[in-house]
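Working through the structure, step by step
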Amino acid sequence: MQNAIDILKERGFLAQCTDEEALRKLMAEGPVTFYIGFDPTADSLHAGHFIALMAMSHLQKAGHRPICLVGGGTGTVGDPSGRTDMRKVMTDETIRHNCECFKKQVARFIDFTEDRAIMVDNGDWLRSLNYIELLRDVGAHFTVNRMLAAESYKQRWEKGLTFLEFNYMIMQAYDFFELNRRYGCRLQMGGDDQWSNIIAGVELCRRKSSKTVFGLTNKLLTKSDGTKMGKTAGGALWLDAEKTSPYDFYQYWRNIDDADVETCLSLLTYLPMDEVRRLSAAEGAEINRSKEILAYEATKIVHGAEAAAQARSTAQALFSGGAAEDVPKVVCAAGEKLVDVLTRGGVFASKGEARRLIQQGGVTLNDLRVSDEHYVLGDADFSNGEAFLKKGKKKHYKLVIG
């Protein structure tokens, strides 16, 4: 069987590793227990988590055992990594709710039967810690000057880093130590922006228990120009069908730039790499076929084969001028302003954004361009209680009287 490290490298996941050769040897000797943590900052995982879940899945398929850690403890503090300001402090009830949502979504990627994987919540140990004991037992192994050198802290230094957030690295490091003690966890994985926090955990395990453990980061999901992927006009690309419909999820990957096709096929599908390279080498109109395959495969993983097939048929029907049943629906009433309906229905993030696109000629209602930003929906706009709206060139919606 191909070594898991080689799988991650071939598919383009691997960014940094504390000791790649030693970890490769360890994985060749037998199953390795590893973990990835997910802080419950929302009630759904998003496209940025997709790549981490795929990396976890590939390692499990290669024979290793994942621990999925939800941050019921670290979520009370908030990771400052990649942030320009402090995260909103959430209530315990919100944190618990978000953790439960995460657990359901992770189960689509990971097989938890017969102890093949473990789901844990770091609130189980972090919330019961005695502060003075933690300072003496764990804090003594951290130096402030080294912590401040971490990229996650340096980015916040000028704008202000709260002492609450400053503790995050210690808490994440303690997670690794606790998972190693409880479950024999030997590897922590995460996005490349987590490197400093992961190194802290590796060092804490070495200093407190003389255990050799490893850290590994995967590349972040970015476009060929270096900008983050998975952002839409309405916000994040969520893995929850209630927040981002399977159709919109499918359309996002169908419409990526040609230059990003190989990266996305490698990271976000299970297709063999020979097939990935063949599809990515397509040119002209054929590259669109490759994007359709990418969109179908990614949607199938996140939402299931039936939803992926329906999203594909919907897109094909709309592209050919037809209509389909699972186009995102927006409930409205005759007599309402179109801008109000589209903002309330999430088609646009704000009324200003809706007005701008209407002014630019980017909104059509029943194949007729809407030019009036104050347009009021009338009975004549609806046939059997429905009207069809197109936003830009690709986004389709069904307005439904309700």
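The sections below set out a description of the structure shown in this document. (Residues numbered from 1 in each chain as written. Predicted model: local features only at pLDDT ≥ 70, side-chain atom pairs only at ≥ 80, totals over all residues. Heavy atoms only, no water.)

Where helix α13 (residues 261-268) meets helix α14 (residues 273-280), the closest approach of the two axes is 9 Å, and the angle between their N-to-C directions is 160 degrees. One way to sum up the angle between α13 and α14 is to call them roughly antiparallel. As α13 runs across α14, the sense of the crossing is right-handed. Here V261, E262, L265 and S266 of α13 lie close against α14, whose contacting residues are M273, V276, R277, L279 and S280. Its residues placed into classes, the contact of α13 with α14 shows five nonpolar, two polar and two charged. (Axes fitted to C-alpha atoms, helices over the stretch in contact; angles between N-to-C directions. Helix = DSSP H or I, 4+ residues; strand = E, 2+ residues; numbered from the N terminus. Parallel < 35°, antiparallel > 145°, perpendicular 65-115°, else oblique. Left-handed = near helix turned anticlockwise from the far one by under 90°. Contact = heavy atoms within 4.5 Å. Nonpolar A, V, L, I, M, F, W, Y, C, P; charged D, E, K, R; others polar.)

The next point concerns the nonpolar core. Among the nonpolar cores identified, the biggest contains 69 residues, and L23, F38, F50, L187, M189, L216 and W253 are the most heavily contacted of them. Of all hydrophobic cores here, the second largest spans 31 residues; its members include L126, A173, Y174 and L179. (Core = buried A, V, L, I, M, F, W, Y, C linked by side-chain atoms within 4.5 Å. Buried < 20%, exposed > 50% of the residue type's maximum accessible area, 1.4 Å probe, protein only.)

As a further point, take the side chain of T217. Within the secondary structure layout, T217 lies in strand β6 (residues 214-218). Taking relative accessible area as the criterion, T217 reaches 0% and is therefore assigned buried. There is a polar contact of 2.8 Å between the side chain of T217 and the side chain of D192. The contacts of T217, once residues within four sequence positions are left out, are F13, L14, A15, Q16, G190, G191, D192, W195 and I198. (Polar contact = N/O pair within 3.5 Å; in protein donor to acceptor, adjacent residues only side chain to side chain.)

By way of backbone hydrogen bonds, the strands of a sheet pair with one another, either parallel or antiparallel. Spatially, the five strands line up as an open sheet ordered β9-β13-β12-β10-β11, and their pairing is mixed. In this open sheet, the two edge strands, each paired with only one partner strand, are β9 (329-332) and β11 (368-369). In this structure, strand β12 (residues 386-391) lies alongside strand β13 (residues 395-401), joined through six bridges in antiparallel fashion. By the bridge assignment, A387 is partnered in β13 with L399. (Pairing = 2+ DSSP bridges.)

On to the packing of aromatic side chains. What the rule picks out here adds up to eight aromatic pairs. In this arrangement the basic side chain of K61 is found over the ring face of Y270, its NZ or CZ atom lying 4.8 Å from the centre. The cationic tip of R312 hangs over the ring face of Y296; the distance from NZ or CZ to the ring centre is 4.2 Å. (Phe/Tyr/Trp six-rings, centres within 6.5 Å; stacked < 30°, edge-to-face > 60°. Lys NZ or Arg CZ within 6 Å of the ring centre and 35° of its normal.)

Reading across from one edge, β1-β6-β5-β2-β3-β4 is the order of the six strands in this open sheet, with mixed pairing throughout. What marks the edges here is a single partner per strand, and that holds for β1 (14-17) and β4 (118-121). Neighbour to neighbour, the strand axes of the sheet diverge by 25 degrees on average, direction disregarded. Note that strand β3 (residues 65-70) and β4 share four bridges and pair parallel.

Just distances and angles here, no functional claims.
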